[in-house]
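Fold and contact review
If you want the building blocks of each chain, they are given just below.
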There are 2 protein chains.
Amino acid sequence: MTESRQPPAAGEPLRIALLGCGVVGSEVARLITGSADDLRARIGRPLELVGIGVRRTGIERPGIDPALFTTDTAALVARDDVDIVIELIGGIEPARSLITSAIDHGASVITANKALLAEDGASLFAAAEQAGVDLYFEAAVAGAIPIIRPLRESLVGDEITQVMGIVNGTTNFILDKMHSQGAGYADVLAEAQALGYAEADPTADVEGFDAAAKAAILAGLAFHSRVSGADVHREGITEVTRSDIASARDMGCVVKLLAICELSGDGADATINARVHPAMIPDSHPLASVGGAYNAVFVQSRSAGQLMFYGPGAGGSPTASAVLGDLVTVARNRVRETSGPGESSYARRPVRSIGEVVTRYHLSLEVDDRAGVLAAIANCFAEHDVSVQTLRQVTSPGDGAEARIVVVTHPAPDAALSACVTALSDLPAVHEVLSVMRVEGMTTP
Amino acid sequence: MTESRQPPAAGEPLRIALLGCGVVGSEVARLITGSADDLRARIGRPLELVGIGVRRTGIERPGIDPALFTTDTAALVARDDVDIVIELIGGIEPARSLITSAIDHGASVITANKALLAEDGASLFAAAEQAGVDLYFEAAVAGAIPIIRPLRESLVGDEITQVMGIVNGTTNFILDKMHSQGAGYADVLAEAQALGYAEADPTADVEGFDAAAKAAILAGLAFHSRVSGADVHREGITEVTRSDIASARDMGCVVKLLAICELSGDGADATINARVHPAMIPDSHPLASVGGAYNAVFVQSRSAGQLMFYGPGAGGSPTASAVLGDLVTVARNRVRETSGPGESSYARRPVRSIGEVVTRYHLSLEVDDRAGVLAAIANCFAEHDVSVQTLRQVTSPGDGAEARIVVVTHPAPDAALSACVTALSDLPAVHEVLSVMRVEGMTTP
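Residues numbered from 1 in each chain as written. Chains lettered and ligands numbered in written order. Predicted model: local features only at pLDDT ≥ 70, side-chain atom pairs only at ≥ 80, totals over all residues. Heavy atoms only, no water.

1. Quick notes on the overall build of chain A
A count of helical and extended segments in chain A gives 14 helices and 17 strands. For chain A, the proportion of its 445 residues judged to be buried stands at 58%. A separation of at least 24 residues holds for 73% of the contacts in chain A among residues at least 6 apart in sequence. Of note, chain A has its 34 positive side-chain charges centred 5 Å away from the centre of its 55 negative side-chain charges. (Helix = DSSP H or I, 4+ residues; strand = E, 2+ residues; numbered from the N terminus. Buried < 20%, exposed > 50% of the residue type's maximum accessible area, 1.4 Å probe, protein only. Contact = heavy atoms within 4.5 Å. Lys, Arg positive; Asp, Glu negative; His and termini not counted. Charge placed at Lys NZ, Arg CZ, Asp CG, Glu CD.)

Structure follows, in structure tokens:
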């Protein structure tokens, strides 16, 4: 580690540059000014906001001095007198170049940019370590919920074996509504867009990209290894049907989009799997009642046992709270001429492919209502080495010619289950596979 | 801040002394040895456990080298080659003298000692700051739940307005059992003692001393002020009756022993109240379902909104996890020749007396079943300026000569409510005040 640049002389303010002035950025700017006395007392040095990089000046932003705005963000981060750069632009470029430039110019960086960290965290952390500056990112995952620091510091003496969370508010809102209103995905998405809970282009949320980036960050921290967004198996919620939701309700479950990071095996043989997909979880599971825009993250570790962290997952004020917490920490570090813990990725554990990942499944099938069908189905599971926990025939709503079979498997590898589903679809007695979904949280309290 | 002593040369181990080898201490000792490779990778330097201070040697402690044990704890903490002292003895003395000696000899300290921190934290933090060493204490509150770091660092840029938690597992176990079994306090306490959930002398738990010490620590951190155990209003659970529990159930509530820290007012006029007492909370409140030995802490802040932290509140492994997290953090700080954030108590806010604290109350009264009684009771509340939210007459189980009145007040100052209860008791129509208890969490989700 090289030493960071000398901080300003005692009494001199630490100088802050802010990139981005949307919902979160404008709240951060207001808090830096409005909470100046408290921040100074907590840091031991005043803060001075010296510039805000925006795409367009001339937009009225209440409570923020218009003289701070500049469109020349490259010049702003390259200023020699800037101590800390807060990046709230999002996306890969120009955020990556600006952060890199800030680090190269000796500034510490705070970012909420999960996509960039999941794609290119390793090189940014290496650059920060090299320059002796901080790169903090509490706001990148689960909004206001303190989850980065607990994983990176509080649980750093423990062995984390699982992180499972609801980390995307938009999809949680949509699934909630599908559950409570019995409505279809497309209708609820349109409602969410009208209410501003979903973007005009909802891809990043509904296809699970946002949650996958967060899963990559969480897995890397939890397992002291490098995990990128591309390592995360990703299924969104666009194919969740009313039938899935109804099936979940029938078994006392709800459907949630989960980000799951697991460590399997021990010591040098341990492997990671990281995945984002819809799953059924029992109504009694603590994550089942996490509604709307709230996020929650479950952490299981060898010594601590089960922990849960819960709170607002997005929004201007909550995300600004996380940014300000990092700001005070990073500023204190600069005053003390030190830096916080860097990346810890010594374990270099392999990431397993989804085909090897073992989970429990729920299947719902529409079949001929005649003797021998159950046996044929049971045989198909047996042939694919998928062990069945329960198999039950649900009263047919129709004319007696069709029945519905609901199957819950014991944990089975994804590849085996996929092959089994294909084979089931090919059985003459099976009219339709109505629903196939993973079941999680059956063994947690 | 003076600089801490130079750490050992690169590659040399950091030397650890452990004080106490009970349930938590022995687990810490085993983890330091058993997780040595991971800890070295995370810290960048190996750890070496050089001694364990115990009251008696010669006791078999599986997995721990007997050569480490010593009864000369004073000499152990005064060793010049000890970098970090972990204090798990508990109580005021000799813990205070040993910690002070360790700091004076240049060691950083990790402690789980809530009683000592609540009584004398200020002088210990001052000594650590003076010596340029760390004093970390994540294990002192809520076992494995990361709550100290979130308050001290994650939320340090925010304004916390309330911390409310279940932070004592013994009393939570007892109240749970009273609720589920309809049993009386004395019977359940005896059962808890037989099961090892309560100590032979249960005073520290059931009288709320343990929770009050934790409340003092939480309030100090949350409000950047000094709060000692003596500042915390304390009521235990020894006077919670079956009638209280039944009344709570009737209104869709459960009784929990809560530690509550609140900030009232703004800026320079803000005041603190910190209190531990049984309270009714609605079944729907997230804290209502926290059972047995689990702890949970709710945090409300201006920007972040409502956060909850949940997990095992005690036990050898969970508490050891918190200690090991501090150990890695403190060791990293020593390797980097720095120290973490010290005490932040600049705000020096006054602590309000309980008489001024405003809460909602539930009362249950046995009264004459005749005309005019309701009016007399309503008058009594009005005379004491206690506004009534609901007042209802419950069908009398008896012969018609008695009725039961249940009252829930709007938030009222404790002093006014106490005076009102005294006056109610003196009313000729009131036979008995069956239950008086605060009601919390009516306005949280």
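Next comes the rest of the account.
2. Observations concerning the environment of Val439(B)
Residues and elements named next belong to chain B. Relative to the assigned elements, Val 439 resides in strand 17 (residues 430-439). Residue classification places Val 439 among the buried positions, given a relative accessible area of 3%. In this structure, Val 439 is in contact with Met 280, Arg 360, Tyr 361 and His 362, ignoring residues within four places of it in sequence.

3. Describing the pairing of strand 15 (residues 402-409) of chain A
Residue and element names in this part refer to chain A. By the criterion of burial, strand 15 is predominantly enclosed, with six of the eight residues buried. For strand 13 (residues 358-368) and strand 15, the ladder comprises seven bridges, and the chain directions are antiparallel. Of the residues in strand 15, the one forming a bridge with His 362 is Val 408. Where strand 14 (residues 388-394) and strand 15 come together, six bridges link them in antiparallel fashion. Looking at strand 15, one finds that Arg 392 is bridged to Val 406. (Pairing = 2+ DSSP bridges.)

4. Some words on unusual backbone geometry
At the junction of Glu93(A) and Pro94(A), the peptide bond is cis and its omega measures out at 5° in the coordinates. Considering the arrangement of structural elements, one finds Pro94(A) in the loop between strand 4 (84-87) and helix 4 (95-104). Despite not being glycine, His224(B) shows a phi value in the positive range, around 50°. If you trace the backbone, His224(B) turns up in the loop between helix 10 (209-223) and strand 8 (233-234).

5. Examining the relation of the copies chain A and chain B
Superposing chain A onto chain B takes a rotation of 180° plus a shift of 0.0 Å along the axis, which leaves an RMSD of 0.0 Å. Those values place the two copies in the arrangement expected of a two-fold rotation axis. Within chain A, the C-alpha atom positioned nearest to the axis of rotation is that of Phe309(A), 2.4 Å from it. Most of the interface of chain A is mirrored in chain B, where 100% of its interface residues are also at the interface. (Least-squares fit on C-alpha atoms with pLDDT ≥ 70 in both.)

6. Details of the domain arrangement of chain A
Each assigned domain of chain A is listed here: domain 1 (14-143 + 317-335), domain 2 (152-312) and domain 3 (354-439). On a C-alpha basis, the centroid separation for the pair domain 1 of chain A and domain 3 of chain A is 52 Å. (Domains from an automatic or database assignment.)

7. Describing the interface of chain A and chain B
Contacts between the two partners involve 47 residues from chain A and, on the opposite side, 47 residues from chain B. The contact between chain A and chain B buries some 4,000 Å² in all, and 52% of this surface belongs to carbon and sulfur atoms. Here Arg149(A) ties to Glu153(B) by a salt bridge, and the two come within 3.5 Å at their closest N and O atoms. Remark: the boundary between chain A and chain B carries 20 residue pairs in polar contact (both at pLDDT 80 or more). Sort the elements by how many residues they give to the side of chain A that touches chain B and helix 12 (residues 316-335) of chain A lands first, with eight residues. (Buried area = accessible area lost by both parts, 1.4 Å probe. Salt bridge = Lys/Arg side-chain N within 4 Å of Asp/Glu carboxyl O. Polar contact = N/O pair within 3.5 Å; in protein donor to acceptor, adjacent residues only side chain to side chain.)

8. Observations concerning the packing of aromatic side chains
Summed over the entire model, instances satisfying the criterion amount to seven aromatic pairs over all chains. Between Tyr294(A) and Tyr310(A), the aromatic rings sit 5.1 Å apart at their centres with planes inclined by 15°, giving stacked as the arrangement. Placement of the pair is Tyr294(A) in strand 11 (residues 294-301) and Tyr310(A) in strand 12 (residues 305-312), with a sequence separation of 16 residues. With 4.4 Å between their ring centres and 35° between their planes, Phe173(B) and Tyr197(B) make a pair best called tilted. One end of the pair, Phe173(B), is in helix 7 (residues 169-181); the other, Tyr197(B), is in the loop between helix 8 (185-194) and helix 9 (203-206), with 24 residues separating them in the sequence. When its relative accessible area of 44% is taken as the criterion, Tyr197(B) is described as partly exposed. If you follow Arg61(B) out to its NZ or CZ, it ends over the ring of Phe69(B), 4.7 Å from the centre. For Arg152(B), the ring lying beneath its charged end belongs to Tyr136(B), and the centroid distance is 4.8 Å. (Phe/Tyr/Trp six-rings, centres within 6.5 Å; stacked < 30°, edge-to-face > 60°. Lys NZ or Arg CZ within 6 Å of the ring centre and 35° of its normal.)

9. Quick notes on the nonpolar core
Counting residues in each nonpolar core, the largest one holds 162 residues, and the members touching the most others are Ile147(A), Ile174(A), Ile147(B) and Ile174(B). Once residues within four sequence positions are removed from consideration, Ile174(A) is found in contact with Tyr185(A), Val188(A), Leu189(A), Ala192(A), Val206(A) and Ile237(A). (Core = buried A, V, L, I, M, F, W, Y, C linked by side-chain atoms within 4.5 Å.)

10. Quick word on the environment of Arg349(A)
Residue and element names in this part refer to chain A. Along the chain, Arg 349 falls in the loop between helix 12 and strand 13. For the pair formed by Arg 349 and Leu 287, sequence separation is 62 residues and the distance between their alpha carbons is 28 Å. Excluding its chain neighbours within four sequence positions, the residues that come into contact with Arg 349 are Glu 159, Phe 223, Ser 225, Leu 263, Gly 267, Ala 270 and Ile 272.

11. A few points about the side chain of Asn273(A)
Residues and elements named next belong to chain A. Mapped onto the elements of the fold, Asn 273 is located in strand 10 (residues 271-282). On the accessibility criterion, Asn 273 (1% relative accessible area) is buried. A polar side-chain atom of Asn 273 sits 2.8 Å from a polar atom in the side chain of Arg 275. When sequence neighbours within four positions are dropped, the list of residues in contact with Asn 273 reads Ile 260, Cys 261, Glu 262, Ser 264, Arg 352 and Val 357.

12. Examining the pattern of salt bridges
Enumeration according to the criterion identifies 52 salt bridges over all chains in this entry. Arg275(A) is the salt-bridge partner of Glu262(A), the closest N and O atoms lying 2.7 Å from each other. With Glu262(A) in strand 9 (residues 253-264) and Arg275(A) in strand 10, this pair connects stretches of sequence that are 13 residues apart. Relative accessible area serves as the criterion here: at 16%, Glu262(A) is assigned to the buried category. Classification of Arg275(A) by relative accessible area gives buried; the value is 0%. Taking the shortest distance from any N to any O, the salt bridge between Glu93(B) and Arg96(B) comes out at 3.4 Å.

13. Section: the sheet that holds strand 2 (residues 47-53) of chain B
Residue and element names in this part refer to chain B. Taken in spatial order, the six strands of this open sheet run 3-2-1-4-5-6, and their pairing is parallel. The open sheet is flanked by strand 3 (69-70) and strand 6 (135-136), the only strands paired with a single partner. With four bridges joining them, strand 1 (residues 14-19) and strand 4 (residues 84-87) adopt parallel strand pairing. Note on strand 4: the bridge partner recorded for Ile 16 is Ile 84. Together, strand 1, strand 4 and strand 5 (108-111) form the strand contacts of helix 4 (residues 95-104), whose direction differs from that of strand 5 by roughly 150°. (Axes fitted to C-alpha atoms, helices over the stretch in contact; angles between N-to-C directions.)

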